[in-house]
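Per-entry structural report
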There are 2 protein chains.
Amino acid sequence: MTARKENESIKELFNKILPLSEVSFSKLKTIFNSVSIKKDEVFIKIDQKNNSEYFIETGFARSFLVNPEGEEITLSFYKSGNALSPHITRTKLNKSLLNFQALTSVELIEFDADQFLNLMIENLEIRNLGNAILLNELISKTEKEMALASLTAKERLIGFRSEFGILENLIAHPIISSYLGITNVSLSRLRNEIAKG
Amino acid sequence: MTARKENESIKELFNKILPLSEVSFSKLKTIFNSVSIKKDEVFIKIDQKNNSEYFIETGFARSFLVNPEGEEITLSFYKSGNALSPHITRTKLNKSLLNFQALTSVELIEFDADQFLNLMIENLEIRNLGNAILLNELISKTEKEMALASLTAKERLIGFRSEFGILENLIAHPIISSYLGITNVSLSRLRNEIAKG
DNA sequence: ATCACTTTTTATCATTTGTTAATGGATTAC
DNA sequence: GTAATCCATTAACAAATGATAAAAAGTGAT
């Protein structure tokens, strides 16, 4: 019963990206695993082997890189219902190009990337699901690119809040400020400024 | 003879992305067209129907959006040998999400996106080619994201020059400055500063 | 070559953001 | 409960960037 209910909620997860028939979902069901990640754990490490696709069932995660000065730069945030960047865009020669970290405790759905790809080839709905994930990834990167190019830091913070507001009270601020392209001191100033009205 | 030679150079174009066998290339050959675009022409317009994949044979192009203030924001530059963003990431319901403009006279290789997709499904090499294009797209966006988050405008200009240097003398500077996330006046200052040493 | 037009550069001043360091608040370990 | 630690906030100053406008340079047509 518990398992059944869990499958229902996982089906909902995919449906939010692209509605799937019972047949397609049952094919996916045969190849995924549930994984629990503790808060702060870096569950995908740069340059390390990785051959999975991931969906976030509950919790928040981020992707990040370390720049030449040794600072961690957050590239994207992920929340419940999001797919992580597709394996093909996230790895080169099966090694990860980025780090991914749990920002809260996280429940992940994990697929073997090759098995998922095979399902994409044989099943139109799953192919469309995969392509929708890819599209979402590029759209969110394009939106961020556009925001960085044409909005002020204050506007970008307001945009971040509308999508991930709750995170601001859960995680260290340098994680957010590096995403916004500003220092944590500037973030603190903007927070104060917005609060004053 | 001319046609033959042209095919050779087009094969070279794909080989730079991912080497193809003669068999795979001949399959591609049956579905592509060569297209000439005049300098400044916007050959893909936002919100308009588009169902093609593109490769740049010669010349330079850019993608751009118009922000709420009416300013054109350049998102990416493309040069000879580049594929444009894949159709799947560039369109929604077959309508373009971005504008694409020729910055010089441009020779394009154009594929019908559905026909290209069918070849990807039936042919492993072409599938790998398509995936390599996708990967390159994400990598270049990630690199730009990282540069905007952690480099100064001067460092970003130096990076732009190493990849597209010649463009700086061919196109209007606001096209470049919006890509770098600064005003054209700031770009002029940086140019002067770098020139002085 | 000249004129009209466009683009880049320069100048001035205002604003934003960065840097560094000190302060204050919260959390955790003991 | 207190000390130690971590993190956000604040302050003071420096540097970078923006906005506006004027000057200079470049481009194209005639």
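Residues numbered from 1 in each chain as written. Chains lettered and ligands numbered in written order. Predicted model: local features only at pLDDT ≥ 70, side-chain atom pairs only at ≥ 80, totals over all residues. Heavy atoms only, no water.

**Things to note about the relation of the copies chain B and chain A**
Of the two same-sequence chains, chain B is brought onto chain A (RMSD 0.0 Å, axial shift 0.1 Å) by a rotation of 180°. Taken together, the rotation angle and the small translation identify this as a two-fold axis. Taken as a fraction of all interface residues of chain B, those also at the interface in chain A reach 100%, which identifies the copy contact as same-surface. (Least-squares fit on C-alpha atoms with pLDDT ≥ 70 in both. Contact = heavy atoms within 4.5 Å.)

**So, the interface of chain B and chain A**
The partner chain A presents 30 residues to the 30 residues of chain B that form the contact. When the buried area of chain B at its contact with chain A is split by residue, B:Leu138, B:Glu145 and B:Met146 rank highest and sum to 21% of it. Our enumeration of links across chain B and chain A arrives at 4 salt bridges. B:Lys144 is the salt-bridge partner of A:Glu145, the closest N and O atoms lying 3.2 Å from each other. Put simply, the parts of the chain that give the side of chain B that touches chain A at least two residues each are β4 (60–66), β5 (72–79), α3 (87–90), β6 (91–92) and α5 (124–150) of chain B. For the side of chain B that touches chain A, the residue count by class is 15 nonpolar, 9 polar and 6 charged. (Buried area = accessible area lost by both parts, 1.4 Å probe. Salt bridge = Lys/Arg side-chain N within 4 Å of Asp/Glu carboxyl O. Helix = DSSP H or I, 4+ residues; strand = E, 2+ residues; numbered from the N terminus. Nonpolar A, V, L, I, M, F, W, Y, C, P; charged D, E, K, R; others polar.)

**Some points on the protein's contact with DNA strand C**
Taken together, 16 residues surround DNA strand C, and among them A:Ser186, A:Arg189, B:His173, B:Arg191 and B:Asn192 come closest. The sugar-phosphate backbone supplies 61% of the atoms of DNA strand C found within 4 Å of the protein. The contact in question runs from a base nitrogen of DNA strand C to an N or O atom on the side chain of A:Arg189, over 2.6 Å. In this structure, B:His173 approaches DNA strand C through a main-chain N or O atom, which is 2.8 Å from a phosphate oxygen. Mapped by element, the contributors of at least two residues to the surface near DNA strand C are α8 (184–196) of chain A together with α7 (173–180) and α8 (184–196) of chain B. (Near = heavy atom within 4 Å. Polar contact = N/O pair within 3.5 Å; in protein donor to acceptor, adjacent residues only side chain to side chain.)

**Looking at the sheet that holds strand β3 (residues 52–58) of chain B**
All names here are of chain B. Strand order in the open sheet formed by 3 strands is β1-β9-β3, with antiparallel pairing between adjacent strands. Taken across any chain shown, the strands that pair with only one partner, and hence form the sheet edges, are β1 (32–37) and β3. Taken over all neighbouring pairs, the strand axes of this sheet differ in orientation by 30° on average, direction set aside. Sheet topology places β1 next to strand β9 (residues 106–112); 6 bridges connect them, and they run antiparallel. Pairing of Val-35 across the sheet is with Leu-108, part of β9. (Pairing = 2+ DSSP bridges. Axes fitted to C-alpha atoms, helices over the stretch in contact; angles between N-to-C directions.)

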